Amino acid sequence: MEKLTLNSEQELLESFEERGLDDSSLAGAPDAESNKVLEEQVEIEKSELVDTQLIYDYASVSIPKNKKKIALDVAWYVAGAVLSLIFILPILYMLAVSTKSQLAADRATGIAMFLPDFANLGTFFDNYGRVLTEYGIWRNALNSLIYAAIAIVLNILVNGLAGYVLSKFNFPGKKFFTFIILFLIIVPVETSIIPLYTIVTDMLGLKGPTMVVGVILPAVISIFNIFLFMQFFESIPKDYEEAARIDGAGNLKIFFKVILPLSKPIVATVAVFCFIGVWNDYLWPMMLLSAYPELMPVQAVLQTIQSIDGVTTGEIMASLVITSIPIFIVYIAAQKYIVQGFGSAGLKM
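Here the structure is a predicted model, which means the values were calculated and not measured. (Residues numbered from 1 in each chain as written. Predicted model: local features only at pLDDT ≥ 70, side-chain atom pairs only at ≥ 80, totals over all residues. Heavy atoms only, no water.)

**Thoughts on the overall build of the protein chain**
Next, step 1: A count of helices and strands for the protein chain gives 17 helices and zero strands.
Next, step 2: Taken across its 349 residues, the protein chain has 34% of its residues classed as buried.
Next, step 3: Considering only intrachain contacts with a sequence separation of at least 6, the fraction spanning at least 24 residues in the protein chain is 74%.
Next, step 4: A total of about 21600 Å² of accessible surface is found on the protein chain, and carbon and sulfur atoms cover 67% of it. (Helix = DSSP H or I, 4+ residues; strand = E, 2+ residues; numbered from the N terminus. Buried < 20%, exposed > 50% of the residue type's maximum accessible area, 1.4 Å probe, protein only. Contact = heavy atoms within 4.5 Å. Areas by Shrake-Rupley, 256 points an atom, 1.4 Å probe, with all protein chains shown as cover.)

**Some thoughts on the packing of aromatic side chains**
Next, step 1: A complete count under the given rule lists 13 aromatic pairs for this structure.
Next, step 2: With a centroid separation of 6.5 Å and 40° between ring planes, the pair formed by F224 and F273 is classed as tilted. Of this pair, F224 sits in helix α10 (residues 223-234) while F273 is found in helix α13 (residues 264-279), placing the two residues 49 residues apart along the sequence.
Next, step 3: With 6.3 Å between their ring centres and 90° between their planes, F233 and F255 make a pair best called edge-to-face. Of this pair, F233 sits in helix α10 while F255 is found in helix α12 (residues 251-259), placing the two residues 22 residues apart along the sequence. Of the two residues, F233 and F255, both sit in the buried class.
Next, step 4: Among the aromatic residues, those joined into a ring-pair cluster are Y164, F169, F229, F233, F255 and F256. (Phe/Tyr/Trp six-rings, centres within 6.5 Å; stacked < 30°, edge-to-face > 60°.)

**Quick word on the nonpolar core**
Next, step 1: The biggest cluster of nonpolar side chains holds 58 residues, and the ones touching the most others in it are Y147, F233 and L289.
Next, step 2: In this structure, Y147 is in contact with V212, V215, I216, V278, L289, L295 and P297, ignoring residues within four places of it in sequence.
Next, step 3: Core analysis: the next-biggest nonpolar cluster, separate from the first, contains five residues, L166, I181, F227 and M230 among them. (Core = buried A, V, L, I, M, F, W, Y, C linked by side-chain atoms within 4.5 Å.)

**Considering the layout of surface pockets**
Sizing a probe to match a water molecule and rolling it over the atoms shows the empty space that remains.
Next, step 1: In this structure, the largest pocket spans a volume of roughly 1100 Å³.
Next, step 2: V189, S192, L196, P218 and I221 are, among the 35 residues lining the largest pocket, the residues nearest its centre.
Next, step 3: Contributing elements (two or more residues each) for the lining of the largest pocket: α6 (137-168), α7 (174-185), α8 (193-203), α9 (211-220), α10, α13 and α14 (283-289).
Next, step 4: Considered class by class, the residues forming the lining of the largest pocket number 27 nonpolar, six polar and two charged. (1 Å grid on protein atoms, 1.4 Å probe; cavity = no way out; pocket = protein on both sides within 12 Å on 5 of 7 lines; lining within 4 Å. Points joined across faces, edges and corners; volume = space filled by probe spheres on them. Nonpolar A, V, L, I, M, F, W, Y, C, P; charged D, E, K, R; others polar.)

**Side note on the packing of α6 against α12**
Next, step 1: The contact between α6 and α12 brings their axes to 12 Å, and the two run at 110°. What the angle tells us is that α6 and α12 run roughly perpendicular. Taking contact as the criterion, the partners of L157, G160, L161 and Y164 in α6 are, on α12, N251, L252, I254, F255, F256 and I259.
Next, step 2: Grouping the amino acids of the contact of α6 with α12 by side-chain chemistry returns eight nonpolar, two polar and no charged. (Axes fitted to C-alpha atoms, helices over the stretch in contact; angles between N-to-C directions. Parallel < 35°, antiparallel > 145°, perpendicular 65-115°, else oblique.)

**Observations concerning the side chain of S98**
Next, step 1: If you trace the backbone, S98 turns up in the loop between α3 (31-97) and α4 (102-107).
Next, step 2: A polar atom in the side chain of S98 sits 2.6 Å from the backbone oxygen of L95.
Next, step 3: Residues contacting S98, with those up to four places away along its chain left out, are F124, N127, Y128, G314, M317, A318 and V321. (Polar contact = N/O pair within 3.5 Å; in protein donor to acceptor, adjacent residues only side chain to side chain.)

**Some remarks on helix α15 (residues 298-306)**
Next, step 1: Restricting attention to buried positions, one finds in α15 the residues V298, Q299, A300, V301, L302 and I305.
Next, step 2: On its buried side, α15 packs onto α6, α13, α14 and α16 (313-333).

**Quick notes on the confidence of the model for the protein chain**
Residues shown with low pLDDT carry predicted positions that ought not to be read at fine detail.
Next, step 1: Per-residue pLDDT for the protein chain has a mean of 79; in total, 79% of the residues score no lower than 70.
Next, step 2: At the level of individual helices and strands, the protein chain shows its lowest average pLDDT in helix α2 (residues 23-27), which scores 47, and its highest in α6, which scores 92.
Next, step 3: A low-confidence stretch, residues 1-9 (pLDDT under 50), is modelled with eleven contacts involving residues beyond four sequence positions or located in other chains. (pLDDT = per-residue confidence, 0-100.)

**Let's talk about the pattern of salt bridges**
Working definition: two side chains of opposite charge can pair if their charged atoms are close together.
Next, step 1: Counted under the stated rule, the structure contains three salt bridges.
Next, step 2: As a salt-bridge pair, E315 and R130 come within 2.6 Å of each other at their nearest N and O atoms. Separated by 185 residues along the polypeptide, E315 in helix α16 and R130 in helix α5 (residues 126-133) bring together distant segments of the chain.
Next, step 3: The buried category is assigned to E315, whose relative accessible area is 5%.
Next, step 4: A salt bridge links K168 to E241; the nearest nitrogen and oxygen atoms lie 3.2 Å apart. Here E241 lies in helix α11 (residues 238-246) and K168 lies in helix α6, a separation of 73 residues in the sequence.
Next, step 5: With relative accessibility at 6%, the residue E241 sits in the buried group. (Salt bridge = Lys/Arg side-chain N within 4 Å of Asp/Glu carboxyl O.)

**Overview of the environment of N155**
Next, step 1: Checked against the element boundaries, N155 lands in helix α6.
Next, step 2: Residue class for N155 comes out buried when judged on its relative accessible area of 1%.
Next, step 3: Between the C-alpha atoms of N155 and I221, which are 66 residues apart in sequence, the distance is 6.0 Å.
Next, step 4: Setting aside residues up to four positions removed in sequence, N155 forms contacts with G160, A219, V220, S222, N225, V270 and C274.
Next, step 5: Here V220 takes part through its backbone oxygen, which lies 3.4 Å from a polar atom of the side chain of N155.

**Concerning the packing of α15 against α16**
The description of two helices packed together rests on the angle between their axes and the distance between the axes.
Next, step 1: Between α15 and α16, the shortest axis-to-axis distance is 10 Å and the interhelical angle comes to 175°. Here α15 lies roughly antiparallel to α16, going by the angle between them. Between α15 and α16, the contacting residues are V298, Q299, L302, I305 and Q306 on the first element and I316, S319, L320 and T323 on the second.
Next, step 2: When the residues that make up the contact of α15 with α16 are grouped by side-chain class, the tally is five nonpolar, four polar and no charged.

Written as C-alpha cells, this is what we have:
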C-alpha cells in the first residue's frame, strides 16, 4: 500500500472541489485572505493524511502481534492438553483394570490397557464385590470417615480460635508466635513422628484401643491451617466485631456468631485439607494400631490387601478406586469454596 501524499497543486484543487471549495469561493477575497484559506486547507489535508498513514502503520504492526498471540495461545492449549492426558492416564488405567480379570489384564496391550472390559459385562463389578465383602474394606473406610469427621470439627475449632487470636488481638509476644508459626510450616511432618509417638505412649499413657485417640490428635492441630485462618480473618472488616460488641457480645460469641459465618470459604478449605490428610494417613496409624486391624483406617488396609496371596491386579485397582471416590466427591463439592478461601487468605500475604 503506497503512502498517501499531496504531490501537486492539481491534487489540492481536486481535494478542494470534493469539499465544495473552488476558485469561485475565493474570487472575491483579498489575496492575503485567499492565501490564508489555502494554507488552512493544506494543513487540514496534511493532518488527515498523517492520521490515515498512522492507522495503516498501526494495522501493519498489530497484525503480526495478533498472529504471535494466537500461536502462543495454541501452544499453551496443546501443552495443557498433553499434560492433562499424562495425568489422567494412570486414573484411566486404574478404572479399566478394576473391571478385568487377571487374565484379561495380562492380555491387554496398547489402547486396550486403558479401556474397561466391555466384553464381559457380567463380571464387570466382581472385583469390587470381593474387595467389599471378602476383604471387608468398607469397615476400614468407615473408620477413616469417623476419624476424619472428628478431626475436621476439632481442627476448625482449635486452629480457627488460634488464627482468630493472632489476627484480631494485640498481646506481648504476638510477633514471636507468628514467626514460629511461619517457621514451623517448612518443617517436614516426618521429623515429628518419633516425638509424637513418645508423647502419645508415654506422656498420655494411651494403650490398647485407646490408641485411636492418638491417631486423631495429631490431625487436630495444623500450623498451615492456623496460618490460613489468620490471613483470612485479617481481611474481615472490624466493623462487624464492633457492632457485635455494642450489642454486648463477648469474644467467643463474636467468633462463633460473626467470624465463622463470614468465613465459610476458608472453613471449607480447611475441612477438605483435613479430610484428605486423615483419609490418606498411613504411617502414623500403622505405628499405633498395628495390633488392632479392626480399628485401622482404609489406607493401612490397602497395604494389607496387596500382600495377600492370590490377590489379583483387578482387586487391587478396585480397592484403589473405592478409596479414591470420597476424595473426588469432597474436593468437587468444595472446589468453589477452596478457590475463594485461597483468594481471600492471600489478600494479606
